[in-house]
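Single-letter residue listing:
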Number of protein chains: 2
Amino acid sequence: MSETARPDPIRPDATADPAAPHALRRLASVALDALADGAAARGGPLPAGGPEAVAARTRARCVPILPEEGLPVEEALYGVARAAAEGAADPSAPHCVAHLHTPPLAVAAAADLAASALNPSMDSWDQAPAAAVVEDEVTAVLARLVYAGRPAPDAVITSGGTESNLVALLLFRERALAAGARAPRVFVGANAHHSVRRAAWLLGLPEPVVVDCPGGRMDPAALGRALAAHAGRDGSPALVAATAGTTDEGLVDPLPELAEVARAHGAELHVDAAYGGPLLFSERLAPRLAGIEHAVSVTYDLHKLGWQPVAAGVLAVADTALLEPLSLTADYLNADDDTEAGLPDLLGRSIRTSRRPDALKIAATLRALGRRGMGGAVEHCVGVAEEFARAVDAHPALRRHAGSPGISTVLFRPVAADALAATAGEEAGDELVAGIRRELLAEGRAVLGRARVADGDGRRRLWLKVTLLHPRTTAADLDALLKLVAERAENPAPAGTGH
Amino acid sequence: MSETARPDPIRPDATADPAAPHALRRLASVALDALADGAAARGGPLPAGGPEAVAARTRARCVPILPEEGLPVEEALYGVARAAAEGAADPSAPHCVAHLHTPPLAVAAAADLAASALNPSMDSWDQAPAAAVVEDEVTAVLARLVYAGRPAPDAVITSGGTESNLVALLLFRERALAAGARAPRVFVGANAHHSVRRAAWLLGLPEPVVVDCPGGRMDPAALGRALAAHAGRDGSPALVAATAGTTDEGLVDPLPELAEVARAHGAELHVDAAYGGPLLFSERLAPRLAGIEHAVSVTYDLHKLGWQPVAAGVLAVADTALLEPLSLTADYLNADDDTEAGLPDLLGRSIRTSRRPDALKIAATLRALGRRGMGGAVEHCVGVAEEFARAVDAHPALRRHAGSPGISTVLFRPVAADALAATAGEEAGDELVAGIRRELLAEGRAVLGRARVADGDGRRRLWLKVTLLHPRTTAADLDALLKLVAERAENPAPAGTGH
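Residues numbered from 1 in each chain as written. Chains lettered and ligands numbered in written order. Predicted model: local features only at pLDDT ≥ 70, side-chain atom pairs only at ≥ 80, totals over all residues. Heavy atoms only, no water.

A word on the packing of aromatic side chains. Residues and elements named next belong to chain A. Under the criterion given, the structure shown has two aromatic pairs over all chains. Look at F388 and F412: their rings are 5.7 Å apart centre to centre, the planes differ by 70 degrees, and that puts the pair in the edge-to-face class. You can see F388 sitting in helix α12 (residues 359–394) and its partner F412 sitting in strand β9 (residues 409–414), a full 24 residues away along the chain. Residue classification places F388 among the buried residues on the basis of a relative accessible area of 1%. Judged by relative accessible area, which is 0%, F412 ranks as buried. Against the face of W463 rests R413, its NZ or CZ located 5.9 Å from the ring centre. (Phe/Tyr/Trp six-rings, centres within 6.5 Å; stacked < 30°, edge-to-face > 60°. Helix = DSSP H or I, 4+ residues; strand = E, 2+ residues; numbered from the N terminus. Buried < 20%, exposed > 50% of the residue type's maximum accessible area, 1.4 Å probe, protein only. Lys NZ or Arg CZ within 6 Å of the ring centre and 35° of its normal.)

Here it is as structure tokens:
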């Protein structure tokens, strides 16, 4: 290897040549320096000052994006990475807890660097001879995690839950059309992620039937009534899209009951477990997903509970034959004679063509943690949410939503918002909640989420949301966050300044 | 920074914390060591032995993917990265020239490492405050590259040409439906990438009308006839999907003429410039895409000519209002009151939800190369293809396809295949060509592409294809490749062994 320190400047068109990663080694180090400097300058979980201030600081480091003449390559890179880090809502920070926005593991990010440098594309064997094998092993493991009892389960890697749900509905549509059906129909809970309805729109399917979700979970009786009405109308195929880990509350639909209702009406079940799927790594928590094995397909993401950099989506199917509608021949990628001669045909594994090998980072992570490590980290997040919920209960100025915690999500609300709602109306209470979130964002102190969810009295109120995904954050790390919210609720900023 | 050398082992659940990138720095170094070791063990542009041997070697390093107990993290990572590198079809190698499979630049791969570590997700401001600004600047530049003369062009980042074409057809469908049309119809050249027809299928659109492409380019007269027949039948909206840089030949459709024919028939024009789009960076080559500015939308990829790790797709649109059908409200990501309070709404920029900030690597690359550097690198690839074409012409054992080079693609065929076709039939000649490609793949010597394309006499024959995308490879680097093909054509492997 001729890649010991060399004094020459790096040319901007130096490739990430794996055989001589001199340039990449130097530039990766520049990027990591920029991350550290940017994070130090930021100080908190997100940059202070709000959108306009962040935009101005970011532009000062990056613009012009396309100068007529290039800059020195280290300078060009440092500016972008530094700006991104200084202006990040950083999921590695304990008080960045708004979304299913995960702190990636170092092992995953490092494996992703190998993916970037090698750049295999997963659409043909002659672009990804080994990466295709890794993907094959990874998808086998991820399929068996859901469908241990089936003879031939399978899984494909997607860009996330949205693509997984899209492919699930596409496969359903094609099964229905192949069977001569006219109007295949999707049944979805009011609690479902927007991507299910968006997938139906994209695919030209009829608007899904929305099923009631009292208490945030799909109601089996309501589903039964909806399916019965559908069967009476036209009797064409139905797919029930249930959720295991709702975005707002982290709740799991009653899968065994829904599977039974679906079966009784001749409908298929799909489960969007984008959030909850990785509970299956934990022996203790897997029972919460009991019934998931009845689904024809299951969405889950490893860029949520799974600590991968985006993207690391999965769609598992109960049998590999269910993927057949994705198969496709393109002479330049999988000509029949090449396939007959033994070159593996990869094209039918995705709706994308060029495709990044997201399986590499997943493989490195699963090997490093093992099933026990993955399960333990999931249990950690769930445990922190339970502790956090108790801390909310113990705080006189805060009120927990009765349905929390769900998986690792906790909803809570300042008592001051309830008091305001009682005197000045519900809207005033909700505005206090929304304003606190925006103030803490603008000040760079915390990234809290929000959810509008029915309260014990049935009224839909606005709640603060924390989604606990950090594999090492403890509940004690979050005490300051509770204190911050409580203080702010007692001393809200004047109206109009909270953004 | 507390990240000087520490003796403790890295925990498998160490995050890629940008504030203290100690673990990531160590593991990135492990990954780069694995790349170098793997590339050295491979020796050539791809691993020798064919699919089964590669699979066995890969599995030996990676399986089990999910052990019950995790491995030491360095070992877990090294095994995966080493296997991927040893078994890569390596686009940094001069003889890896089959596909639009680019050697990524070191600056892009390093910026991508920052993206992995920070893990901003592009679906809400509070997950990507600065990355959203970088993306905004990048898309503005990429839109203006195509639509310099328009008042409000725009662009979105996609997972590649396939998603760009899908979104282009989706926007067309929604415009048509909003106007009350019944059956919007896509017109596509026989030379188009399969993703255009696949997008129509996915979206539930009628099967596209396929237009003749004599000489590999869409025929304006044939398009005119097809559009006239369509208008006579039902008169609903039409979208012509032309290609600037075909996959097989690198040819550019006659855009000015197609634009004029489309205009005359009231049809819209979309251009799939996944391959050719970056010609726009070069003052000298941009005129080859003249007419592209008449398109309502343009697909292009920076993971082809643009040297980005996958994914770096772009869909440019002539006016930002054209993106309106993508807009979407999800209370947890872009509630109305948050948007009114000034939090930028990012959700309508993609059909995905969680989304990796591919704009970061693009920004670092464009800044490092500048417009002149980008254009110069494109010109280099085009120039090497021209030289390579001359070298084929000068070689007595090889025959160039008369339409080559197109952009940076050259088709050629051993004279021995023509001779065999004359004596033993066309199929025998084609089998010789396909066999040479598979032999060189199996031996790990070269990654050549293939294309079935009409010859001068109108017969569709099989050709070897090289797609020259390396910003530093020279034609001299390819002399050995020509020699290898010519030798192999004279001494083909016995039938049945070439895989």
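Attention shifts here to the pattern of salt bridges. A complete count under the given rule lists 91 salt bridges over all chains for this structure. Linking D112(B) and R356(B) is a salt bridge whose minimum nitrogen-to-oxygen distance equals 3.1 Å. Of this pair, D112(B) sits in helix α4 (residues 106–118) while R356(B) sits in the loop between α11 (336–340) and α12 (359–394), and the two are 244 residues apart along the sequence. Taking relative accessible area as the criterion, D112(B) reaches 1% and is therefore assigned buried. Exposure remark for R356(B): the relative accessible area of 6% places this residue in the buried category. Residue R288(B) is joined to E386(B) by a salt bridge in which the shortest nitrogen-to-oxygen separation is 3.6 Å. Of the two residues, R288(B) is situated in the loop between β5 (268–272) and β6 (297–301) and E386(B) in helix α12; the sequence distance between them amounts to 98 residues. The exposure class of R288(B) is partly exposed, given its relative accessible area of 37%. Put simply, R399(A), R413(A), D418(A), E426(A), D430(A), R452(A), D455(A), D457(A), R459(A) and R461(A) are held in one network by salt bridges that share partners. (Salt bridge = Lys/Arg side-chain N within 4 Å of Asp/Glu carboxyl O.)

The next point concerns the relation of the copies chain B and chain A. Overlay of chain B on chain A (RMSD 0.0 Å): rotation 180 degrees, translation along the axis 0.0 Å. As the rotation angle and translation indicate, the two copies are arranged about a two-fold axis. Within chain B, L203(B) has its C-alpha nearest the rotation axis, a separation of 2.3 Å. Comparing interface residues between copies, 100% of those in chain B also sit at the interface in chain A, which points to an isologous, same-surface contact. (Least-squares fit on C-alpha atoms with pLDDT ≥ 70 in both. Contact = heavy atoms within 4.5 Å.)

Moving on to the UniProt feature "modified residue: N6-(pyridoxal phosphate)lysine" (unreviewed entry) in chain A. UniProt records the feature "modified residue: N6-(pyridoxal phosphate)lysine" (unreviewed entry) at K304(A), using the numbering of this structure. Not counting residues within four places of it along the chain, the set of residues in contact with K304(A) comprises L100(A), T102(A), A274(A), Y275(A), L469(A) and S354(B). (UniProt positions renumbered as here; feature names shortened; annotations may be inferred.)

This part takes up the sheet that holds strand β11 (residues 460–467) of chain B. Each strand in a sheet pairs with its neighbour through backbone hydrogen bonds, running either in the same direction (parallel) or in the opposite one (antiparallel). All names here are of chain B. Taken in spatial order, the four strands of this open sheet run β8-β9-β11-β10, and their pairing is antiparallel. One side of each edge strand has no neighbouring strand; the edge strands of this open sheet are β8 (398–400) and β10 (449–454). Strand-to-strand twist of the sheet, defined as the mean angle between neighbouring strand axes without regard to direction, takes the value 45 degrees. Pairing of strand β9 (residues 409–414) with β11 involves four bridges; the strand directions are antiparallel. (Pairing = 2+ DSSP bridges. Axes fitted to C-alpha atoms, helices over the stretch in contact; angles between N-to-C directions.)

Turning our eyes to something else, we now look at the pairing of strand β6 (residues 297–301) of chain A. Of all five residues that make up β6(A), five are buried, and the element is covered over most of its length. Residues of β6(A) alternate between two faces, with S297(A), T299(A) and D301(A) on one and V298(A) and Y300(A) on the opposite face, all of them buried.

Further remarks concern the side chain of N119(B). In this fold, N119(B) is placed in the loop between α4 and α5 (129–146). A polar contact is formed between the side chain of N119(B) and the backbone nitrogen of V310(A), at a distance of 2.9 Å. (Polar contact = N/O pair within 3.5 Å; in protein donor to acceptor, adjacent residues only side chain to side chain.)

Here the focus is the interface of chain B and chain A. With 164 residues of chain B at the contact, the number on the chain A side is 164 residues. Contact between chain B and chain A buries roughly 13700 Å² in total, counting both sides, with carbon and sulfur atoms accounting for 62%. In terms of surface lost to chain A, no three residues of chain B exceed I65(B), Y332(B) and R367(B), which account for 7% of the buried area on that side. The shortest N-O distance in the salt bridge between E68(A) and R372(B) comes to 3.7 Å. Our enumeration of links across chain B and chain A arrives at 76 residue pairs in polar contact (both at pLDDT 80 or more). Counting residues per element, the side of chain B that touches chain A draws most heavily on helix α1 (residues 22–42) of chain B, which supplies 14 residues. (Buried area = accessible area lost by both parts, 1.4 Å probe.)

Residue and element names in this part refer to chain A. For strand β5 (residues 268–272), the buried fraction is high: four of the five residues fall into the buried class. Note that strand β4 (residues 238–243) and β5 share five bridges and pair parallel. Residue pairing for β5: A241 is matched across the bridge by H270. Following the backbone out of β4, through helix α9 (residues 255–264) and into the adjacent parallel β5, one traces a crossover that is right-handed. Note: β5 against β6, three bridges, orientation parallel. (Right-handed = clockwise from strand over helix to strand, strands pointing away.)

Let us look at the domain arrangement of chain A. The accessible area lost on association of the parts is a frequent measure of interface size. Residue and element names in this part refer to chain A. Considered domain by domain, chain A is made up of domain 1 (17–87), domain 2 (121–356) and domain 3 (370–490). Taking only C-alpha atoms, the centre of domain 2 and the centre of domain 3 are 31 Å apart. Taken together, the contact pairs 24 residues of domain 2 with 24 residues of domain 3. Taking both sides of the interface into account, the surface hidden between domain 2 and domain 3 amounts to around 1900 Å²; carbon and sulfur atoms contribute 63%. Considering only the surface of domain 2 that becomes buried against domain 3, E249, F281 and W307 emerge as the three largest contributors, covering 34% of it. Along the contact surface separating domain 2 from domain 3 lie two salt bridges. For E379, the salt bridge identified is with R284, shortest N-O distance 4.0 Å. Class assignment for the residues of the side of domain 2 that touches domain 3 results in 12 nonpolar, six polar and six charged. (Domains from an automatic or database assignment. Nonpolar A, V, L, I, M, F, W, Y, C, P; charged D, E, K, R; others polar.)

Before going further, it helps to spend a moment on the packing of α12(A) against helix α3 (residues 73–86) of chain B. Put simply, α12(A) and α3(B) touch, their axes get as near as 8 Å, and they point 150 degrees apart. If you check the angle between α12(A) and α3(B), you find them roughly antiparallel. Seen along the crossing, α12(A) lies across α3(B) with a hand that is right-handed. Residue-level contacts link L360(A), A363(A), A364(A), R367(A) and A368(A) of α12(A) to V73(B), E75(B), A76(B), L77(B), G79(B), V80(B) and A84(B) of α3(B). (Parallel < 35°, antiparallel > 145°, perpendicular 65-115°, else oblique. Left-handed = near helix turned anticlockwise from the far one by under 90°.)

The next subject is helix α6 (residues 161–178) of chain A. Residues and elements named next belong to chain A. Taking 1.5 Å of rise per residue, the 18 residues of α6 would be expected to cover 26 Å, and the 25 Å separating its terminal C-alpha atoms lies within 8% of that figure. With 15 of its 18 residues buried, α6 lies for the most part within the structure. In the stretch just after α6, G180 is the one whose phi turns positive, near 85 degrees. (Expected span 1.5 Å × (residues − 1).)

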